[in-house]
Amino acid sequence: MASQAANLWVLLGLGLAGILIMTRKLKKAVKADFGAFVERLQLLPPPQPPPPKAPHPLTGLSFAISDVFDINGFVTGFGNPEWSRTHEPASQTSPVVSALVEGGATCTGRTVVDDMAFGISGEHIHYDTPTNPAAPARIPGGSSSGAAVAVAAKFVDFSLGTDAVGGVRVPAAYCGVLGFRPSHGTVAHTGIIPVSASLDTVGWFARDPSILRRVGHVLLQVPFASQRNPRNVVIADDCFQSVNSGGRVSQAVIKAVEKLFGRQIIRHENLEAYLNSKIPSLKQFASKKSNTERKSSSTNLLAYFMHILKRHEFKQNHLEWINAAKPNLDPVISTQIQGGPEITDTNIENCHAVRNELRSALNDLLKDDGILVIPTVSEPPPKIGAKEIQSEDYQIRSCSFSSIASMSGGCQVCVPMGFHDKCPTSVSFVARQGGDRFLLDTIQSMYAPLQEQAEVATKSSTSGNAISKEASAEMAKEKGNQAYKDKQWQKAIGFYTEAIKLNDNTATYFSNRAAAYLEMRNFIQAEADCSKAIDLDKKNVKAYLRRGTAREMLGYCKEALEDFRYALVLEPTNKRASQSADRLKKLFP
C-alpha cells in the first residue's frame, strides 16, 4: 500500500509538472496583447486628495512605458536579452514615469522596443514583432513599436516612448494613432537609456487628443496660459505631392483650418526650395554628392545628417558595452552601428551647422504662432519581412520628414487621417522649439474638424469605385485562403482582417482568421473570433470545432467538450468532432 501511495504521488507530481510546463509554453505562444508587452506590472497612483481639492489630472487613465524607462527594482531591457543579463535592476524610477503615476495614472506594463532602441521598423529578432492592429500584415514601426501597438489595440489610454529620429512619430503613423514629440530638452531624460543625447526626446501616444494634451501638461510642466490660435499655417505643398494620398490629406487639412480659423492664415510653401535657400551648409554638401535626385532632396539630406549624429552619439554611449558583451544584434541594426562611412570631426561640425541653420529657418518661417503642415512618413508601412526594410535608403526615407523637428529641436504631433489602400494615413504639425503647449492646444481644437474632413475626403475618393465592399471583402478572403494554403499564417490573418473591416457581418471571415490564429498558437484570439462567428451563424460547424480546439489548449476542457458535442449535433458524421469529444469524455465522463 505504501509503495502504491508513493507511486501515486510520483505520478501526480509528474502530471502537475507537465501542466506547469504546458502552461508556460502556452503563455509564451499566446499573443493576446498583440506582442506589445515584454512585461506586465502595476504602478498604482496615490489616493485622491479629499474635496474641495481637485482630483489628480490623469485620474482613471492607464499607460504603458517602452522598455527604456527605469523602474525601481526592475532591469531595463533596452530591447536586447544580453543587455538584461548584464545589467542590474534600476535603483530608482524614471522621474517621467513617477510624474505620470503621481498625476493619477496607473502604469500596467513595459513594451517592446527595437533592438537597443536603434531601429525604425519595429521588426525584432529577439521578441516577436508586435502586430500592427491597423494593418496586421505590415510592420508597426519603431523604435517604440510596442508602445504604439498598446495604444492602437486599446490596451492602455496612452503610452510613453522615446524619439530620436522618429521613434514615436513613425509608429504613430503606421499604427493610426496620435503621437507627440516634444521640443528637445523640455522633458527630462533622467532614468532613461540614451540613444542619441542631442536628438533624444520622451514622446507619447494616445487615441484621444484631450489625453495627449493632459499628459503633455503633466510632463511639460508649463504654466497656465490662455489658448492661442495659430496665425500662420504653412502647407508644404511639394511634400504632399511626393506621397500617395497627399493631395487628399492636405485638402482635408486646408478645409479644417478654413472652418476653424479662416482662409487668411493659410500659406503655401515649396519646402524644398525654402530649405535649400535657408540652409547653405545643406546645399554645399549636396553639391559634393553624386546621389540620385530623391536621395539629395533637402529632407533626405537632413535625415542623412541626422543619422550621422545618431550613430556617432550611440557609439559614444554603447560601443564599449557592445565590444565587451558581444551581444547578438539584429543584423540590420549591427550594420548601421558598425558599418557606414567613417564619422569625422568635420562630419559632426557639418551636422551642427545644419542644425543651427535649420532652427533659424524654421523660426523665420513660423514665428511664435505658426505651424508647418507636412506628411508624417513618405510611404505606407512596408509589409512584414520586406527586403526594403534592410536598406539604408529605407532608413533615410522613413525618417525624411521626421528630420525637420529632430534636427531643429522643434515639436511635432502626428494625427491619423483615415486609410488609403488599406493602410493608415496621417498628417504632421510642426511648431518651433518651445511651442509645445501651443501645438497641443491647437490639435485639441483641430482634431474633430480634421477627422470630419478626412472622412469626407475618403468617401468622395471611394464613391466612384465600382467594386462593392462585399466584393472587396470576398477578394481579401480568397487572398487569405491562398496565404493559409501556403502556410503564411500572419499574411492570412492580415487578409482576413481586411475582409472583416470591409464586411464584419460574415461568420466565415472570423472563423477563417481563427484557423490562422490556431496555427500561430494564438488561442485567445482564436476563441474570440470563433465566438463572434457563432454569434453571426449558429450553425457554423467549423467555428465550433475551432473554438473547441482553442478552449482545450487554454485548459477549458468542459467548455471545449460542449463545443465538440454541439458540432456533432449539427453534423453527426464529423469524425474530428467525434474523436475530440471521445478524448475529452475520458476526463469528464
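Placed above this text is the structure.
Residues numbered from 1 in each chain as written. Predicted model: local features only at pLDDT ≥ 70, side-chain atom pairs only at ≥ 80, totals over all residues. Heavy atoms only, no water.

With respect to the pattern of salt bridges
Our working rule: A carboxyl oxygen of Asp or Glu within 4 Å of a side-chain nitrogen of Lys or Arg is what we treat as a salt bridge. Throughout this description, buried means an accessible area under 20% of the type-specific maximum (1.4 Å probe, protein chains only), exposed means over 50%, and partly exposed covers the range between.
Inspection of every chain in the model, using the stated rule, returns 25 salt bridges. Here arginine 169 ties to aspartate 163 by a salt bridge, and the two come within 2.7 Å at their closest N and O atoms. Residue arginine 169 shares its accessibility class with aspartate 163, and that shared class is buried. In this structure, aspartate 529 and arginine 513 form a salt bridge, with 2.7 Å as the shortest nitrogen-oxygen distance.

Things to note about the sheet that holds strand S9 (residues 370-374)
So the rule is basically this: Two strands are said to pair when DSSP picks up at least two bridges between them. Only DSSP runs of H or I covering at least 4 residues are called helices, and only runs of E covering at least 2 are called strands; the numbering of each starts at the N terminus. To get an axis, a line is fitted to the C-alpha atoms, and for a helix only the part in contact is used. The angle between two axes follows their N-to-C directions and goes from 0 to 180 degrees.
Taken in spatial order, the 11 strands line up as S1-S3-S2-S4-S6-S5-S10-S11-S9-S7-S8 in an open sheet, and their pairing is mixed. In this open sheet, the two edge strands, each paired with only one partner strand, are strand S1 (37-43) and strand S8 (266-269). In this sheet, neighbouring strand axes are inclined to one another by 25 degrees on average, regardless of whether the strands run parallel or antiparallel. Across four bridges, S1 lies against strand S3 (residues 106-111) in antiparallel orientation. Considered in S3, the bridge of leucine 43 is made with cysteine 107.

What about the environment of leucine 41?
Stated precisely, the cut-off is as follows: Contacts: residue pairs with any heavy atoms within 4.5 Å of one another.
Following the sequence through the fold, leucine 41 ends up in strand S1. By relative accessible area, leucine 41 is classed as buried at 13%. For the pair formed by leucine 41 and arginine 110, sequence separation is 69 residues and the distance between their alpha carbons is 7.6 Å. Excluding residues that lie within four positions of it along the chain, leucine 41 makes contacts with Ile71, Phe74, Cys107, Thr108, Gly109 and Arg110.

Considering the state of the cysteines
Rules: In plain terms, two cysteine sulfur atoms within 2.5 Å form what is called a disulfide here.
Scanning all chains against the criterion turns up zero disulfides. Looking at the unpaired cysteine 239, the closest cysteine sulfur is the one in cysteine 399, lying at 15 Å. Looking at cysteine 239, the relative accessible area reads 5%, which means it is buried. Note on cysteine 351: no disulfide assigned, nearest cysteine sulfur contributed by cysteine 399 at a separation of 15 Å.

Here's the deal with the environment of threonine 162
Its location among the elements puts threonine 162 in strand S4 (residues 158-163). Residue class for threonine 162 comes out buried when judged on its relative accessible area of 8%. Residues threonine 162 and leucine 61, spaced 101 residues apart in sequence, show a C-alpha to C-alpha distance of 20 Å. The contact partners of threonine 162, leaving out residues within four places of it in the chain, are Val68, Phe69, Ser143, Ser144, Gly167, Val168, His189, Ile192, Thr201 and Gly203.

What to know about the packing of aromatic side chains
Under the convention used in this document: Planes of paired rings set the category: under 30 degrees apart is stacked, over 60 is edge-to-face and the rest tilted, where pairs are Phe, Tyr or Trp rings (Trp by its six-membered ring) whose centres lie within 6.5 Å.
One pass over the full model with this rule turns up 10 aromatic pairs. Ring plane angle 5 degrees and centroid distance 5.0 Å describe the contact between phenylalanine 63 and phenylalanine 158, whose orientation is recorded as stacked. Taken together, the residues phenylalanine 63 in strand S2 (residues 62-66) and phenylalanine 158 in strand S4 connect sequence positions 95 residues apart. Ring geometry for phenylalanine 118 and phenylalanine 314: centres 4.7 Å apart, planes at 65 degrees, overall edge-to-face. Of this pair, phenylalanine 118 sits in the loop between S3 and helix H4 (145-152) while phenylalanine 314 is found in helix H11 (residues 298-325), placing the two residues 196 residues apart along the sequence. Classification of phenylalanine 118 as buried rests on a relative accessible area of 3%.

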